Amino acid sequence: MTEKISRRDFLRLGAAGAATGVLAGCTSPRRWVVLEPFVRPPEQQVSGVATWFATTCRQCPAGCGVIVRLMNGRAVKLEGNPEHPLNRGKLCARGQAGLQMLYHPDRLSGPLLQSTRGSREFSAIDWNEGINRLFQALAKAGPAVAMLGGATMSDHLFDLFSKLLAAVDAPPPVIYDLYTELGGYRTLAQAMGQVYGRAALPAYRLAEADVVFSFGAEFLGTWTSAVRYGVEYGAFRSQPYGKRGLLVHFEPRQSSTAVTADDYVAIAPGSEGLVAGALLRLIADGNLGLAGRAESARGLAPSLDVEQAARECGIPLEALQRLARRFADAEHAVAIPGGALAGSSNGMHAARAIEALNVVSGNAPAGVNTTPPDLGLARKSLNTFADVQSLIARMRAGEVQMLLIHSTNPAYELPEAAGFLEALAQVPLVVSFGAMVDETAVWSDLILPDRSYLESFGYEVVSPDFGSPVVSSQQPVVTPVFDARTTGDVLLTVARGIPAAAAAMPWDDEVDYLNQMVAGLPEAAYPASTAEEKRARFQQHGGWWPAPAVAAPTLRPQPFTVTAERATFDGNETDYPYFLHVYPSVLLSDGRGASLPLLQGVPDPMTTIAWQSWVELHPATAERLEIRDGDLLRVTSPHGEIVAAAYVTPGIRPDTVAIPAGQGHQDLGRFARDRGSNVVQLLGAALTDEGGGLRWNGVRVALARTGKRIATASLESKVGVTEGLGYE
Amino acid sequence: MSELETRLLDRGQSAAAAPKTELPSHKWTMLIDLDKCTGCNACVVACHVENNVPIRSEREVIRGHGQHWIRIERYWEGEGDAQRATFLPMLCQQCSNAPCEPVCPVYASVHSERENLNLQVYNRCVGTRFCGNNCPYRARQFNWFAPQFEGPITEMLNPDVTVRSGGVMEKCTFCVQRIRRVEEDALVEGRPLRDGEMVPACAQTCPTSAIVFGDRSDPQSQVAQRLGGQREFQVLEHLGTAPNVYYLKAGGSDGGAG
Amino acid sequence: MAEQASLESPVWNRPLPDDPELAAQVREIREKHLLQDARPPREVAEKVLGPMARLGRVFWLALIVLGGLTATWLATWAYQAYQGMGVTGLNRTIMWAPYIVNFVYFIGIGHAGTFISAALRVLKFEWRAPISRAAESLTVFALLVAFTMPLIHMGRVWKFYWMLPFPNQRQLWPNPRSPIFWDMTAIFTYLTCSMLFMYLGILPDIAIAREKASGWRKRLYTVLALGWRGTDREWKHLDTTLNIFSYGIIPVMFSVHTVVSWDFAMTLQPGWNSSIFGPYFVVGALYSGVGAVIIIMAILRKALHLEYFLREEHFNAMGKFLLILSFTWVYFYFNDYLLPWYHKEPILTVIFRLFTSGWAAPLWFTMLIANILIPWATLWSRKVRSSIPALVGVALLVQVGMYIERYLIVAVTLGYPELPFDWAVYVPRLPEILITLGVFAFVVLGITVLSRLVPIIPIWEVVEGQLLQGTRRIGRAIFPAKTEAD
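How each quantity is defined
Residues numbered from 1 in each chain as written. Chains lettered and ligands numbered in written order. Predicted model: local features only at pLDDT ≥ 70, side-chain atom pairs only at ≥ 80, totals over all residues. Heavy atoms only, no water. Helix = DSSP H or I, 4+ residues; strand = E, 2+ residues; numbered from the N terminus. Buried < 20%, exposed > 50% of the residue type's maximum accessible area, 1.4 Å probe, protein only. Contact = heavy atoms within 4.5 Å. Areas by Shrake-Rupley, 256 points an atom, 1.4 Å probe, with all protein chains shown as cover. Lys, Arg positive; Asp, Glu negative; His and termini not counted. Charge placed at Lys NZ, Arg CZ, Asp CG, Glu CD. Pairing = 2+ DSSP bridges. Buried area = accessible area lost by both parts, 1.4 Å probe. Salt bridge = Lys/Arg side-chain N within 4 Å of Asp/Glu carboxyl O. Polar contact = N/O pair within 3.5 Å; in protein donor to acceptor, adjacent residues only side chain to side chain. Nonpolar A, V, L, I, M, F, W, Y, C, P; charged D, E, K, R; others polar. Core = buried A, V, L, I, M, F, W, Y, C linked by side-chain atoms within 4.5 Å. Axes fitted to C-alpha atoms, helices over the stretch in contact; angles between N-to-C directions.

Trainee: If you had to explain the overall build of chain C to someone new, which residues and values would you point to?
Mentor: Tallying secondary structure elements over chain C gives 17 helices and 2 strands in all. A principal-axis box enclosing the C-alpha atoms of chain C has dimensions of 80 × 55 × 45 Å. Residues counted as buried form 58% of the 486 residues belonging to chain C. Residue pairs in contact within chain C that sit at least 24 positions apart in sequence constitute 78% of those at least 6 positions apart. Accessible surface for chain C amounts to roughly 20,800 Å². Of this, 67% is attributable to carbon and sulfur atoms. With 42 positive and 32 negative side-chain charges, chain C shows a separation of 5 Å between the mean positions of the two kinds.

Trainee: Kindly report on unusual backbone geometry, identifying the contributing residues and their values.
Mentor: In most cases, non-glycine residues show a negative phi, while peptide bonds are predominantly trans. Residues and elements named next belong to chain A. Phi at Asn 72 is positive, roughly 50°, even though this residue is not glycine. As for its position among the elements, Asn 72 is in the loop between strand E2 (65-71) and strand E3 (74-80). The class of Asn 72 is partly exposed, set by a relative accessible area of 28%. In this model, Leu 668 sits at a positive phi of 75°, which is unusual for a non-glycine residue. Locating Leu 668 in the fold gives a position in the loop between strand E24 (656-661) and strand E25 (700-709). The class of Leu 668 is buried, set by a relative accessible area of 9%.

Trainee: Break down the sheet that holds strand E17 (residues 458-462) of chain A for me, citing the residues and quoting the values.
Mentor: Spatial strand order, E17-E18-E19 (chain A): 3 strands in an open sheet with antiparallel pairing. Looking along the sheet, the strands with just one partner apiece sit at the ends: E17 and strand E19 (543-544) of chain A.

Trainee: Describe in detail the interface of chain A and chain B, supporting the description with residues and values.
Mentor: In this complex, chain A contributes 72 residues to the contact, which on the side of chain B involves 56 residues. Carbon and sulfur atoms make up 59% of the area that chain A and chain B hide from each other, which totals about 5,100 Å². Across the pair Glu79(A) and Arg178(B) runs a salt bridge whose closest N-O atoms are separated by 2.6 Å. Where chain A packs against chain B, one counts 28 residue pairs in polar contact (both at pLDDT 80 or more). When grouped by side-chain class, the residues that make up the side of chain A that touches chain B number 37 nonpolar, 21 polar and 14 charged.

Trainee: Lay out the nonpolar core with the relevant residues and their values.
Mentor: It is characteristic of soluble globular proteins that their nonpolar side chains tend to be buried jointly. Counting residues in hydrophobic clusters, the biggest one holds 328 residues, and the most contacted among them are Tyr459(A), Phe174(B), Phe264(C), Phe309(C) and Trp329(C). Leu323(A), Ala324(A), Ala351(A) and Phe466(A) belong to the second largest nonpolar core, which has 76 residues in total.

Trainee: Could you give an account of the sheet that holds strand E1 (residues 51-56) of chain A, with specific residues and numbers?
Mentor: Residues and elements named next belong to chain A. Pairing in this open sheet of 3 strands is antiparallel, and the strands run E1-E2-E3 from one edge to the other. Each edge of the open sheet carries a strand with a single partner, namely E1 and E3. Direction aside, the axes of adjacent strands within the sheet are offset by 30° on average. Across 6 bridges, the pairing between E2 and E3 is antiparallel. Opposite Arg 69, over in E3, you have Lys 77 as the bridge partner.

Trainee: Summarise the pairing of strand E10 (residues 245-248) of chain B; cite the residues concerned and give the values.
Mentor: All names here are of chain B. The alternating pattern of E10 places Val 245 and Tyr 247 and Tyr 246 and Leu 248 on opposite faces, both of which are buried. By the bridge criterion, 4 bridges tie strand E1 (residues 28-33) to E10 in an arrangement that is parallel. Counterpart to Met 30 in the pairing with E10 is Val 245. As paired strands, strand E9 (residues 232-233) and E10 are joined by 2 bridges and run antiparallel to one another. Bridge assignment links Glu 232 to a residue of E10, and that residue is Leu 248.

Trainee: Tell me about the interface of chain C and chain A, residues and numbers included.
Mentor: Each partner contributes to the interface: chain C provides 10 residues, whereas chain A provides 10 residues. Note on chain C versus chain A: buried area summed over both sides is about 840 Å², and carbon and sulfur give 69% of it. When the buried surface of chain C facing chain A is broken down by residue, Arg353(C), Phe421(C) and Trp423(C) rank first, second and third, together holding 57% of it. Linking chain C with chain A are 0 salt bridges, by the criterion used here. There are 3 residue pairs in polar contact (both at pLDDT 80 or more) connecting chain C and chain A. Among the residues forming the side of chain C that touches chain A, the class breakdown is 5 nonpolar, 2 polar and 3 charged.

Next up, the structure:
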């Protein structure tokens, strides 16, 4: 592990490589880290005294600031960075588990070569060879290179990838992963674009709201930034002068957000937009609420029969009227669209209908994320599923000679119907930058493992709020544990051999890149006089943010129309009697957390099940099909089938079954492998009506018992908590 | 006064200030506002990491050996389709009148009057599990097997906290290692502890700040200020265990009506 | 004493009355009562010592089977200590179960020895003489097993001595507030007393055996007899010591199971926290103990051909005891249920209903049938009490019932703490089953081996009892009576 190669040796190796017409890493000596023995400890390391470093969490795309506690050079605890405007010192379960990302026993040490794809027979090669292979392939492929990235990829890496691809005239990277799809990031941003002319993720200041209507937005569990909304929610519940905000949540299944809501309404799946439309209609027709609300609603409300709408949504009309009055009467009412509605056939319509409620509310503390253009920073933009489909089409047509994959796991995350693996067979070289062997790495030829986020540099433009931009800094906090190399440096090394790329990427290494980026940032909340100090403070404080929070730009709604109808679902009612409600697991998220024992072994809050996946069904459904907890069910949709264990719970509608995403890995390390089933296999690859999103919230399923049964790994006593002994 | 404390005092500014012989006593108290608990499990994971609590395998969880110092208990309220889940974070209640203490034959479960803590001395524990049985909250966790940390995961073990061996009972300590640290820091700096200086891992990470921790004997502390409201209750209060973990009932803010 | 009797004709040579009717009566009395049916001491001794030395095929077979099971117990224990307590079916709610059930059960049957030897000795129930040693040996082996149970149960058994008060430089002492400390103390005292009590009683018999034995047995008995010669002085000391022990051991007996009950009664566990547990446990212990002695008696009678010593009268008397103890036990048992049923505390109601109609109902009703219904339905009849197979059957049922009763208290009730989130069910796994089988085998093995090593019938007590018995004639009837030699 100790890289005892001196710079001279390294250059010699590089020269030897160059002789065969290749180019190896002439990286800057400043990047070399040598493990030091404790007899000569680094200056800041005192035995028994902790040192703290600030960096950015990369367990999900949100980009919370973390501080890492180091004891004797080992990272022992992650905590939220109290200065960081996004998470304000707090951290979620996934963030807390980040250390296992760093110290995972199945991380790769050094590049791997796979002779036959899917064989899982890897041969270790050294880094020079790995980089040379990448370079040669890149030089050969010309513009026929494609890149598929995930939303947790650092923004600087996205910039480097983009520049490299642009230099070889290849199309820009495609950024897509299941996490952002389940969160509806792209669709909601598009809807914001239609309503306000600014296509960015919506953001809300719950602390300033009186009434929050959440349309399936699990903002306390998984949606966008659970930590930021957790902090906001805490303030929302105890506002000044004893005021307490009211939360109403609409969802077919009780999520942890539904549990904490004051009013939970179990609406029919896919009816979020219809509920919003009916609320608008009721406000408009009933002349409800504060002055101006009804007029505003009259301009937006879709024409619909509220009685029929209430029936379709599964809500009594009286309840709907009460809710409409409550929303209209609140001074600061806000409506939040969730991920599930964005994945419905009518996702954009629903999102617009919900945003119309915010327009009606008038002074809703809502807005959209912004990156002030004057920062001049590169920032990832997410692609739609339609973009992924066109990439797959290009691959299938043989137009892609080389596919680069970073921080996403398409082999696991894309529905089979998308045809990703078939198309992959047409790509001569697949390069994965995964730190572990995941499902996609198994189908690639070359693995150049990237370092974990606690060992690498980077930055992330996060917008915790609308208005004030934040650049979160990422820096290595420990000496690398494995012989992995940061992808940024690999790319810069490779670029040196491609003249166009070398011109576009003139940096010695990624640190050089980041230093120049930081130098361009305006004045921050903390003082820094020299450029050197600015750089140091940027890393010390964990990022850059302006001193007084920039006032939110006022959003002016553009004219838009609201239509309200229920989403359509694949499969007919007789063959597939149940709606499938897919949701990202609070702990495993879209599946990337499945590799960590800390997230696998901690019980899910709603079911208290650890290590397993399950199908949530209503007791009435269970009774009808004679299903008990732990019965293995064959869940069939028009697109596929999986086998998963039953979990009977009163927290779901009788016409719906819910399956969390996250389990069912075939790879991704020893803790994830062969555990539960992957709900994505039930999904089709159809697009939503508008916006090109994956219509993942739109299948019906059938249930059948397999006759087999497993023991449920739950913490709760089902008898005690749910069933009772039958005589209470 | 321990030797460490003596040495810390010796490092103090003046000799005149030194003869402070005892560490100040505290009434460490935790307040959990159920109105803010979202069941997100951040506290659970933070506790595992901070206190080296092992993660048990699927097989072990099935056999009822799941091991968490703090867990989110999910209950159902109401009838039929109106049933709503509620969360109750459950951890060692640090009872002032702890049922686990008198039953331990070897004094592995002992009380610290000074800190208002119920301590577990791991290396004294012989594993009779009497304390575990007698805990009405079932907050005590037994190491049914020796813990396993695979590969480099051992690197992330907190050196301030023992890794317990198999056959030993363990439980939430209110992050006593953090209490020690801030106490010693304050001692060296010759000042009293500040409210909010001592934060256990769970309260530190709690996104909604549902968990509040502090010294009840300091009337200015946040816990002392928030105690005594209408929403306050203790779990299984009728048993007379006098817990030092207080809960605030969901459905109302501090100032408003319950 | 022997001299007094030999003043007239020897007691085993007493002539029958001339009157044939009276003679028939005397014959009947002699047939019924062991102590009236005197034989020459040499013959009595031979009846005990003879079968003892003859080790038949059955004995060796039993030795192999029981020894194998005992070895399995020890091996399983080693496996469990090496792997961790997790190999058992215990879980985070039910942290006690199999071994504590065994512990309570074996302490329970350990009460019988003391009850029969010491309490009946004090009360001068002379008929108990031939039973007493079998009962004592049951006590000793049951207590040995009971003593190991908490050790097997411990998470770190290699640190068990930390529970003992021994001087150490850290000045750490056991916690006197913990019932476990008093468990240790009480059981240790009880075990020591029981062993000494038993050994004292064996001394004269070993001396007799020493005279008759040869080879290794001779050498063994010579050592074990501690030079007993049978002088008046020795008899006098023995008698005094046994009396002191008898009086002293009775309170210890009562305390032991009371202390054991505190393990439960002193906790906050609903269903355990009950002030009646002390006497209730003691009576339950005697109940199962007397039942166990009946079974041991029947086995020994068969295996060692002790028909002369163990007669109908003994089984009949033990049957009566069993019935009386059953009555007493029921009184306490339902007292323990009446109050919870009356005041309807929710969690106690849950447990009560779990027993009456929940998953534990089959166990509970089996227990009631075995402990109450069948003993009450049968034991009132002298015919049943005198029939050895019938009585042993009932006694076996009582064992099953009492084991289930302990299982319900420890392993089932514990699964229902106040917070329903933690409710759990205990399901035994192979290690507990093997260990439980092994300890039962060990107790039987111990008695089997002991009965071949030392006279399992106290020869001297029987002979002494016979010396003191006579008959008295009142009119045309003859009654057994004690002579005035006392």
